Every structure is written in structure tokens, then in C-alpha cells.
Amino acid sequence: MSLARTLAPRLATLVAVAVAASLLAVAPAEARTPATAPVATPDSAAPTATAPDIRPTVTPPLAAPAADESADALDGVDLSSPDVSVREVEILVTNDSEVLEVGEGGDVESVDAYLEETYEGSDLSTADVERLYLTHGVLRIITVACRSALVEYQKSSGSRITAKFQVQYSDLSVEPTSSLRAISAGQTSNHTFRLYRGLRVRGLMHVSFQGVFATPFAYCWT
């Protein structure tokens, strides 16, 4: 009896340990494993915001013609030579995009005559007159043999315009236009073209938002 009493506490302890071990054996794996914080990997990392590539748009300035631009273009050319042909037209473009040829035999004798006829009885200031038409000036073409042609516009008065020059042959084919340039009252702008065909040629002026204006055809002397 004494031996049984002595061993009883130990047996109870062993039974308790055995029961605890059996319970751990059947417990779920996640219950036995301590929870750990997830570790971010490169694939699961939050995307890094990238600043947009914003670059300012730079608009090249319009070419500003020099007052004596035509003098340099025709340097060394004898305008009285039989190889040289000059054709020009004085034009007045109204704000209604009406193109009038100015001069004797033209649509109007002069700009003053046009203003008097159109605004008879109106008390117009100089500022008013400048707003009554888009541009007034002389568009001309000067050809030198069949090698080159100068197209120029001498702007006498009116609002500032932007324009391109071009040449057109008598068969209506053309050479590429010049660059766009701004022309104000009192300025002269021109462009020299190389000619590749032995045909009559005329000068064109493309005015932004207004239309195309042309000189008479000039002869090409070979």
C-alpha cells in the first residue's frame, strides 16, 4: 500500500503530460506556429509613383523682315538687264477679305479714294483708318533669267499680318513655300526662289486666315 501511495502522484503527473502531448499532436499547424508579420517582396511592393515628363513647348519666333531686305537679295543684279523681268501689283485687302487692285485701271484709284467712297461723310481718325482694312502694299516678283525669282511684299499700312511666299509656274506647278514671317506697316519682306523650269512664273503670298494673293506672270528669259 505504501508503494501505491508513493507512485500515485507520479502516475498522475505522467498521465497529465501524456494527455497534453496528445492534444498538441492533433492541434492544427497554424495553432502551433507563432504568427509573424508578412515580409514585402519586390513583386508585392507598392508601385513607386513616377513624376510625369512635362516639358515646356517652345514656339520659334516669327521671322521679322529687315527694312532693306530686298536690297541684299538683289545685290549685284542689274534691274535694267533684258534678263530681268519685274511684275508687281498694288493691293488693298479689306477686313471683309475683299481684294482690290489699286492704281490706274484697278478697282480703286488709291487707298484714300477707297476710304472716301466707302466711308463718305464719316469723321475718321488715323487710328480708325488703320482698322478699316487689313493690309495695303505692293506685291512683286523679280525674275533673273530662268535661274531665280524674288517675291517680296512692301507693306505700306494696315494691320500686322503673317504670310508665306511662293512661286507658281504657268502650268500651275509650284515650288515649296518660304517660312512664315510677320510683316507690319512700313516693312518689306521677301524670299528668293531657285527656278527649275523655263516657264513664266508669278509670285504668291499666303496671308494667314485671309487667302492667297498673286502677282501677274513674269517672263522667264532663257
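This part is about the overall build of the protein. Helix and strand counts for the protein come out as five helices and nine strands. Along the protein, helices (α) and strands (β) appear in the sequence α-α-α-β-β-α-α-β-β-β-β-β-β-β when read from the amino end. Split by element, the accessible area of the protein, about 14,500 Å² in all, is 55% carbon and sulfur.

Moving on to the sheet that holds strand S2 (residues 99-101). Across the sheet, five strands lie side by side as S2-S1-S3-S4-S7; this open sheet has antiparallel pairing. Unpaired on one side and paired on the other, S2 and strand S7 (188-194) mark the two borders of the sheet. Strand after strand, the sheet turns through a mean of 25 degrees between neighbouring axes, direction not considered. Sheet topology places strand S1 (residues 84-94) next to S2; three bridges connect them, and they run antiparallel.

This part takes up the packing of aromatic side chains. Applying the stated criterion to the full structure yields zero aromatic pairs. Across from the ring centre of Tyr169, 5.8 Å away, lies the NZ or CZ of Arg197, which sits over that ring. The lysine or arginine in question, Arg200, covers the ring of Phe217, its NZ or CZ lying 5.0 Å from the ring centre.

If you trace the backbone, Ala185 turns up in the loop between strand S6 (181-183) and S7. As a C-alpha pair, Ala185 and Gly158 span 27 residues in sequence and 6.1 Å in three-dimensional space. Once you skip the residues sitting within four places of it in the chain, Ala185 turns out to touch Lys155, Ser156, Ser157 and Gly158.

The next subject is the pattern of salt bridges. Within the structure shown, the criterion is met by three salt bridges. Of the charged contacts in the structure, one is a salt bridge between Glu88 and Arg140, with a shortest N-O distance of 2.8 Å. With Glu88 in strand S1 and Arg140 in strand S3 (residues 133-144), the pair connects residues that are 52 residues apart, well separated along the chain. Overall, the relative accessible area of 43% leaves Glu88 in the partly exposed class. Judged by its relative accessible area of 12%, Arg140 is buried. Arg140 is the partner of Glu152 in a salt bridge, and the nearest nitrogen-oxygen pair spans 2.5 Å. With Glu152 in strand S4 (residues 148-158) and Arg140 in strand S3, this pair connects stretches of sequence that are twelve residues apart. Classification of Glu152 as buried rests on a relative accessible area of 3%. In the salt-bridge network here, residues are joined through shared partners; they are Glu88, Arg140 and Glu152.

What counts, and at which threshold
Residues numbered from 1 in each chain as written. Predicted model: local features only at pLDDT ≥ 70, side-chain atom pairs only at ≥ 80, totals over all residues. Heavy atoms only, no water. Helix = DSSP H or I, 4+ residues; strand = E, 2+ residues; numbered from the N terminus. Areas by Shrake-Rupley, 256 points an atom, 1.4 Å probe, with all protein chains shown as cover. Pairing = 2+ DSSP bridges. Axes fitted to C-alpha atoms, helices over the stretch in contact; angles between N-to-C directions. Phe/Tyr/Trp six-rings, centres within 6.5 Å; stacked < 30°, edge-to-face > 60°. Lys NZ or Arg CZ within 6 Å of the ring centre and 35° of its normal. Contact = heavy atoms within 4.5 Å. Salt bridge = Lys/Arg side-chain N within 4 Å of Asp/Glu carboxyl O. Buried < 20%, exposed > 50% of the residue type's maximum accessible area, 1.4 Å probe, protein only.

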